[in-house]
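Fold and contact review
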There are 2 protein chains.
Amino acid sequence: MAIKKRPRQPKSENRRLDIRDVAKHAKVSIATVSRTINRVPTVDKELADRVWLAISELNYFPNTQARALVSGRTRLLGLLISEITNPFFPELIRGFEDIAVENGYEILIGSTNYHPERMSLAVRRMIERNVEGVAVMTFGVEQPLLEELASRHVPMVFVDSGPPGDLVRPLLVDYRKGIQQGVQHLAVLGHRKLGYISGPSQQRSSQLRTAAFLESLEQIGVTPNPEWIFEGDHTLEGGMRCMEQLLALPELPTAIMCSNDMTAIGGLRVLTRAGLRVPEDISLIGFDDIHLAEFVNPPLTTVRMSRNDLARSAFGALRAIAEQEQGGHPREWKVTTSLVVRQSTGYPRDSALAPAAGTPSTKKKKSSKKV
Amino acid sequence: MAIKKRPRQPKSENRRLDIRDVAKHAKVSIATVSRTINRVPTVDKELADRVWLAISELNYFPNTQARALVSGRTRLLGLLISEITNPFFPELIRGFEDIAVENGYEILIGSTNYHPERMSLAVRRMIERNVEGVAVMTFGVEQPLLEELASRHVPMVFVDSGPPGDLVRPLLVDYRKGIQQGVQHLAVLGHRKLGYISGPSQQRSSQLRTAAFLESLEQIGVTPNPEWIFEGDHTLEGGMRCMEQLLALPELPTAIMCSNDMTAIGGLRVLTRAGLRVPEDISLIGFDDIHLAEFVNPPLTTVRMSRNDLARSAFGALRAIAEQEQGGHPREWKVTTSLVVRQSTGYPRDSALAPAAGTPSTKKKKSSKKV
DNA sequence: TTGAAAGCGCTAACAT
DNA sequence: ATGTTAGCGCTTTCAA
């Protein structure tokens, strides 16, 4: 597009400046220009100065394509996401763009829009453009696509976990801390009877969450009641099913933590249908902070992971893989969590703390309700 | 990164497949492979078949860098935005990604984050990567940067308008239609006394809006009352100032349209402080549908432009410039608008239509009411 | 219609 | 420390 390229001959008038122009202008060889630009330390100070001067006088920018072609390094990273209009992603992209650009990388965004075709197109685009690594920030990417990348030795990072491999790293979300934040929030409100709906027990990340829950209970000096612990499957339906079983119990907990938001939202639905009020009768807390969490009624208190951490960890991990991380065992890339207090948590029903019923007022945009 | 490149000799084991591998496999010359891939029509059908077969058997992807280097076409487009976490942009990006990818382009996103430095970094990145065009989707990009692009013959499109030039196109937002939608919405509710707060009269886009307002009034058979028409400046403060003046008038309009949302939000603030209720006492309607519009109290009814239109127009315009748009005068790229009915508009105070006062119930998010 | 070969702008080996 | 030069993988001329 840029400019109509005439055949080859007439050295078109507005051709881009190239390294030879700079060399000529600075009266050095093109090799010296290249070395200067790449900060090879052996270049004579004076020559280097001449080169830099020429560069700025001519306003020369090196041609990335040519550099990439010869060096094999594109300084391009792929970011595979599900849908950019899902508010989780813009924040993530922002962090990723920031750190990538700081380090001289560009990012190629591939949205799958939940379509298998778009997904494979995205992977294809990344391979064609020779990305130096891919951050897979969405679930459900088909195995063959990942193999395609792996077979071409493209480093990958996954949120949470992915197929293991030499060039593959999981990002470690700090579930322990996240769950702890949730449990302590409930403890502070005065809850001692806590229930839990887990994710599928085969999934590593949900095992971690369950373990963290139990551990957090211990920290607040509460003995878990096995009756109140259910195994869900991280779906809305799973959450509903578990909540129904729970409601059949003779004694109910005053608060329930769920292994993810979808589970909590399913649970919420059942609670509401059963005529129980959240949080007046029972408090509910999720995990993930998906978009929907803010829009259910009442808005869900939940634990979210830092998009910025995620972005920086993904970048760092990709870079470390690529540069072979000479020193010792692979580093772990942690992602921190934070509690997002909305309106699905409040004092327990019979608590002395409760002004009457409902959520206590808190500062800022945290849950707040005049009773 | 991708893979540790050993010096040059040992033809590293896991080098990428290249066109020669395909040529060998298909028993043709690399020229034929190239022609086949580029769908040059003169290739013999049978040879072409062999080539395609080889390509798919080897799972070959052409190297974009090499192609770009020799052809001078990167198939890369720059998208200059202010901030990706502003919800205006993800939608825009989505549309842009869709159409770009459909056409074999990639997009390079540059966020300015309202920092002059980031802005020039973004422009620099685009030039370095040799983008074939830039869609400038944010205001306030500094002139020198645009000149930098122009001097390198990079085609540009601007939302609404930008510095004119041979390789520059404005996108034309259909203000007339947008304003009309707003005015008719008010007319349907029963408003006949309409006020207007314009933008700065030097700015072309606000002239267009004002003209459209007057025209729309005529269409609904209302004679404009010059007393109720104020010139704002598209800022919050301007909106407040105008609204204060308006409130000093002996007779007030029942509804006010503003040239943009910030103006309306400023106006809303003054109205609220003056103890007037919106929309019970006075209806208010903005233009743009900025993020904030949804979160003010009451949420602002406004006119928004289609992000998808914007994206597609930007892409189309860029492409047309680049391909020199052989046929006649440059095409116009229109962007449509739509009315977003929220809660700042309702029946006029003394309307027989009003059930009591306040907003009529609406179905969906569109205006529509049973009278 | 096909193939051989000349570059695209740059980096890095090699020579000096 | 600097210059010369051979490619990187491809497209496109040119000759056959």
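Chain A carries the name LacI family transcriptional regulator in an unreviewed UniProt entry, which gives Silvibacterium bohemicum as its organism.

From N to C terminus, chain A includes 12 helices and 12 strands. Within chain A, counting contacts between residues at least 6 apart in sequence, those at least 24 apart form 68% of the total. When the accessible surface of chain A is split by element, carbon and sulfur atoms take 53% of a total near 17,600 Å².

Take the interface of chain B and chain A next. At the interface, 59 residues of chain B touch 58 residues of chain A. One can count 22 residue pairs in polar contact (both at pLDDT 80 or more) joining chain B with chain A. Every element with two or more residues in the side of chain B that touches chain A is listed here: α4 (64-71), β1 (76-81), α5 (88-102), β2 (106-111), α6 (116-128) and α12 (307-322) of chain B. For the side of chain B that touches chain A, the per-class residue count stands at 22 nonpolar, 16 polar and 21 charged.

Between chain B and chain A, which share one sequence, the superposing operator has a rotation angle of 180° and an axial displacement of 0.1 Å; the RMSD is 0.3 Å. Between the two chains, the operation in question is that of a two-fold axis. The position closest to the rotation axis in chain B is occupied by the C-alpha of Gln65 of chain B, lying 2.5 Å away. Looking at the interface residues of chain B, 98% of them are also at the interface in chain A, so both copies use one shared face.

Turning our eyes to something else, we now look at the protein's contact with DNA strand C. Ile19 and Tyr60 of chain A together with Thr32, Arg35 and Leu47 of chain B are the nearest of the 28 residues found near DNA strand C. Protein-adjacent atoms of DNA strand C, using a 4 Å cutoff, are sugar or phosphate at a proportion of 68%. At 3.2 Å from a phosphate oxygen of DNA strand C is found a side-chain nitrogen or oxygen belonging to Asn38 of chain A. Separating a phosphate oxygen of DNA strand C from a side-chain N or O atom of Thr32 of chain B is a distance of 2.5 Å. Contributions of two or more residues to the surface near DNA strand C are made by α1 (19-26), α2 (30-37) and α4 (64-71) of chain A together with α2 (30-37) and α4 of chain B. In the surface near DNA strand C, the residues fall into 13 nonpolar, 7 polar and 8 charged.

This part covers the packing of helix α5 (residues 88-102) of chain A against helix α12 (residues 307-322) of chain A. All names here are of chain A. Interhelical geometry of α5 versus α12 gives an angle of 45° and a closest axis separation of 8 Å. As the angle between them shows, α5 and α12 are arranged oblique. Taken as a pair, α5 and α12 cross one another with a handedness that is right-handed. For the pair formed by α5 and α12, the contact residues are Phe88, Glu91, Leu92, Gly95, Phe96, Ile99, Ala100 and Glu102 on the first element and Arg307, Asn308, Leu310, Ala311, Arg312, Ala314, Phe315 and Leu318 on the second. Residues belonging to the contact of α5 with α12 are distributed by class as follows: 10 nonpolar, 2 polar and 4 charged.

Bringing α4 of chain B into the picture now. Within α4 of chain B, burial applies to Thr64, Gln65 and Ala68 of chain B. The buried side chains of α4 of chain B occupy one side of the element, clustering within an arc of 100° when seen end-on. The inward-facing, buried residues of α4 of chain B abut α4 and α6 (116-128) of chain A. The distance from a side-chain oxygen at the start of α4 of chain B to the backbone nitrogen of Gln65 of chain B is 2.7 Å, and the residue carrying that oxygen is Asn63 of chain B. Of the residues flanking the end of α4 of chain B, it is Gly72 of chain B, one or two places downstream, whose phi is positive at about 75°.

This part takes up the pattern of salt bridges. A complete count under the given rule lists 43 salt bridges over all chains for this structure. Between Lys193 of chain A and Glu251 of chain A there is a salt bridge; the shortest N-O distance is 2.9 Å. Separated by 58 residues along the polypeptide, Lys193 of chain A in the loop between α8 (175-189) and β6 (194-198) and Glu251 of chain A in the loop between α10 (236-247) and β8 (255-258) bring together distant segments of the chain. Accessibility expressed as a relative area gives 37% for Lys193 of chain A, which makes it partly exposed. Of the charged contacts, one joins Asp289 of chain B and Arg342 of chain B as a salt bridge, the two residues approaching to 3.0 Å between their closest N and O atoms. Of this pair, Asp289 of chain B sits in the loop between β9 (283-288) and β10 (301-305) while Arg342 of chain B sits in the segment after β12 (337-340), placing them 53 residues apart in sequence. Side by side, Asp289 of chain B and Arg342 of chain B carry an identical accessibility label, which is buried. Bridged by salt links that share partners, the residues Glu83, Arg118 and Arg125 of chain A together with Arg94, Glu97, Asp98 and Glu106 of chain B form one connected network.

Quick look at the protein's contact with DNA strand D now. By nearness alone, 28 residues border DNA strand D, and Thr32, Arg35 and Asp44 of chain A together with Ile19 and Tyr60 of chain B come closest of all. At the protein interface, 64% of the atoms of DNA strand D within 4 Å belong to sugar or phosphate. One of the backbone N or O atoms of Val70 of chain A is found 3.4 Å from a base oxygen in DNA strand D. Here Arg20 of chain B contributes a side-chain N or O atom positioned 3.4 Å from a phosphate oxygen of DNA strand D. Of all the secondary-structure elements, those providing two or more residues to the surface near DNA strand D are α2 and α4 of chain A together with α1 (19-26), α2 and α4 of chain B. The leading source of residues in the surface near DNA strand D is α2 of chain B, at 4 residues.

It is worth spelling out the packing of aromatic side chains at this point. The full count for this structure, using the stated rule, is 10 aromatic pairs over all chains. Ring geometry for Phe88 of chain B and Phe89 of chain B: centres 5.2 Å apart, planes at 80°, overall edge-to-face. For the residue pair Phe88 of chain B and Phe89 of chain B, the accessibility class agrees, reading buried in each case. With a centroid separation of 4.4 Å and an interplanar angle of 20°, the aromatic rings of Tyr196 of chain B and Phe213 of chain B are classed as stacked. Of the two residues, Tyr196 of chain B is situated in strand β6 (residues 194-198) and Phe213 of chain B in helix α9 (residues 204-219); the sequence distance between them amounts to 17 residues. Between Arg152 of chain B and the ring centre of Phe61 of chain A, over which it is positioned, the NZ or CZ distance is 4.6 Å.

The rules behind each value
- Residues numbered from 1 in each chain as written.
- Chains lettered and ligands numbered in written order.
- Predicted model: local features only at pLDDT ≥ 70, side-chain atom pairs only at ≥ 80, totals over all residues.
- Heavy atoms only, no water.
- Helix = DSSP H or I, 4+ residues; strand = E, 2+ residues; numbered from the N terminus.
- Contact = heavy atoms within 4.5 Å.
- Areas by Shrake-Rupley, 256 points an atom, 1.4 Å probe, with all protein chains shown as cover.
- Polar contact = N/O pair within 3.5 Å; in protein donor to acceptor, adjacent residues only side chain to side chain.
- Nonpolar A, V, L, I, M, F, W, Y, C, P; charged D, E, K, R; others polar.
- Least-squares fit on C-alpha atoms with pLDDT ≥ 70 in both.
- Near = heavy atom within 4 Å.
- Axes fitted to C-alpha atoms, helices over the stretch in contact; angles between N-to-C directions.
- Parallel < 35°, antiparallel > 145°, perpendicular 65-115°, else oblique.
- Left-handed = near helix turned anticlockwise from the far one by under 90°.
- Buried < 20%, exposed > 50% of the residue type's maximum accessible area, 1.4 Å probe, protein only.
- Arc of directions from axis to C-beta.
- Salt bridge = Lys/Arg side-chain N within 4 Å of Asp/Glu carboxyl O.
- Phe/Tyr/Trp six-rings, centres within 6.5 Å; stacked < 30°, edge-to-face > 60°.
- Lys NZ or Arg CZ within 6 Å of the ring centre and 35° of its normal.

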